[in-house]
Amino acid sequence: MSQDVSHVYFVPGMAADVSIFEFINLPEDKFVVHTIPWMIPDKSESIEEYAKRMCEEIRYDNCILIGVSFGGVMAQEMSKYRDFKKVIIISSVKSKHELPKRMKIARKTKAYKLLPTTIVSKIDNWEKLAFGDFAKKRAAMYQRYLSINDKRYLDWAIEKMVCWDQEAAQDGLVHIHGDKDIVFPISNIKNCITVNGGTHVMIVNRARWFNKHLPQIINDNLH
């Protein structure tokens, strides 16, 4: 294998399985792709402690770290404990100031504690809750990819996302965001590479865009 090959680690979105990256194909002569699955958090585990555990999954130095949504938040936390050649976040936020208003309100009122994660974690077939062909297709996609349904994980991850306390964007961070993202509206996002028509799940349904542009984005400004 060429010494010029770069190791790329992907962190999925909240509750998502690493299979969300199944359509991402980077040139094999230049990149080796790895994925980091979610682990069940320990009781009262801080996001810092969890980030350190995630870092233990990385076997190569000087690699690229890419995180989607809450995985993007975790990638930024991981970069505080390990050096990466580049950190890229997709469909995510760079600070608490980019969070949508509803999440800021949820943090202030602690309304996130009222979310029925016990019910969500026990739904075996999301399609039964959907109506119409399009909704059924979307529900089937969510059922397939959102497979991490442990209540401890869901409660922990929702709280850590809503209560994330980062004040400012990290230096050198690359942010890719869709202009149709309804989870993190682009109106709150600054300094990003915009994907026209990209939604919050564009890592799945716009994989062709990423396959075309990610290699160049990864290599830009690398020394």
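Residues numbered from 1 in each chain as written. Predicted model: local features only at pLDDT ≥ 70, side-chain atom pairs only at ≥ 80, totals over all residues. Heavy atoms only, no water.

1. What about the overall build of the protein?
Within the protein, the regular secondary structure consists of eight helices and six strands. Its helices and strands in sequence order give the protein the pattern β-β-α-β-α-β-α-α-α-α-β-β-α-α, from N to C terminus. In the protein, which comprises 223 residues, the share counted as buried stands at 47%. Just so you have it, the protein exposes about 12200 Å², and 51% of that area is on carbon and sulfur atoms. (Helix = DSSP H or I, 4+ residues; strand = E, 2+ residues; numbered from the N terminus. Buried < 20%, exposed > 50% of the residue type's maximum accessible area, 1.4 Å probe, protein only. Areas by Shrake-Rupley, 256 points an atom, 1.4 Å probe, with all protein chains shown as cover.)

2. A closer look at the pairing of strand E4 (residues 86–90)
Along E4, five of the five residues are buried, which leaves the element largely enclosed by surrounding structure. Every second residue of E4 is oriented toward a common face, with Lys86, Ile88 and Ile90 on one face and Val87 and Ile89 on the other, all of them buried. Alignment of strand E3 (residues 64–68) against E4, held across five bridges, turns out to be parallel. Within E4, the position partnered with Ile66 by the bridge is Ile88. Once you follow E3 into helix H2 (residues 70–78) and on to E4, the crossover reads as right-handed. (Pairing = 2+ DSSP bridges. Right-handed = clockwise from strand over helix to strand, strands pointing away.)

3. Thoughts on the sheet that holds strand E6 (residues 193–195)
With parallel pairing, the six strands of this open sheet are ordered in space as E2-E1-E3-E4-E5-E6. Single-partner strands in this sheet number two, and they are strand E2 (31–35) and E6. Adjacent strand axes in the sheet meet at a mean angle of 20 degrees when their direction is disregarded. Note: strand E5 (residues 174–178) against E6, three bridges, orientation parallel. Bridging from a neighbouring strand, His177 pairs with Thr194 of E6. Sitting on the sheet, H2 touches strand E1 (6–11), E3 and E4, and the angle it makes with E3 is about 145 degrees. With respect to the sheet, helix H8 (residues 207–219) is in contact with E1, E2, E3, E4, E5 and E6, its orientation differing from that of E4 by roughly 150 degrees. (Axes fitted to C-alpha atoms, helices over the stretch in contact; angles between N-to-C directions. Contact = heavy atoms within 4.5 Å.)

4. Notes on the side chain of Glu45
Here Glu45 shows up in the loop between E2 and helix H1 (47–55). Not counting residues within four places of it along the chain, the set of residues in contact with Glu45 comprises Tyr50, Arg53, Trp156 and Lys160.

5. Notes on the packing of H2 against helix H6 (residues 151–162)
Running from N to C, H2 and H6 point in directions that differ by 70 degrees, and their axes come no closer than 11 Å. Considered as vectors, H2 and H6 are oriented roughly perpendicular to each other. Within the contact between the two elements, H2 uses Phe70, Val73 and Met74 and H6 uses Tyr153, Trp156, Ala157, Lys160 and Met161. Here the residues of the contact of H2 with H6 sort into seven nonpolar, no polar and one charged. (Parallel < 35°, antiparallel > 145°, perpendicular 65-115°, else oblique. Nonpolar A, V, L, I, M, F, W, Y, C, P; charged D, E, K, R; others polar.)

6. Details of the side chain of His7
With respect to the element layout, His7 can be found in strand E1. With relative accessibility at 13%, the residue His7 sits in the buried group. Polar contacts involving the side chain of His7 include one to the side chain of His34, which spans 2.8 Å. Sequence-distant contacts of His7, defined by excluding residues within four places in its chain, comprise Val32, His34, Tyr60, Cys63 and Ile64. (Polar contact = N/O pair within 3.5 Å; in protein donor to acceptor, adjacent residues only side chain to side chain.)

7. A word on the nonpolar core
Ranked by internal contacts, the top residues of the largest apolar core, which has 35 residues, are Trp38, Met54, Phe70, Met74, Met78 and Tyr153. Ignoring anything within four residues of it in the chain, the contact list for Met78 reads Val11, Ile36, Ala51, Met54, Cys55, Ile58, Leu65 and Phe84. Ranked by size, the runner-up nonpolar core spans 26 residues in total, among them Phe21, Ile24, Ile203 and Ala207. (Core = buried A, V, L, I, M, F, W, Y, C linked by side-chain atoms within 4.5 Å.)

8. Some words on the pairing of E3
Across the five residues of E3, five count as buried, placing the element largely inside the fold. Burial of the side chains of E3 extends over both faces: Ile64, Ile66 and Val68 are buried on one face and Leu65 and Gly67 on the other. Alignment of E1 against E3, held across four bridges, turns out to be parallel. Bridge pairing links Val11 to Gly67 in E3.

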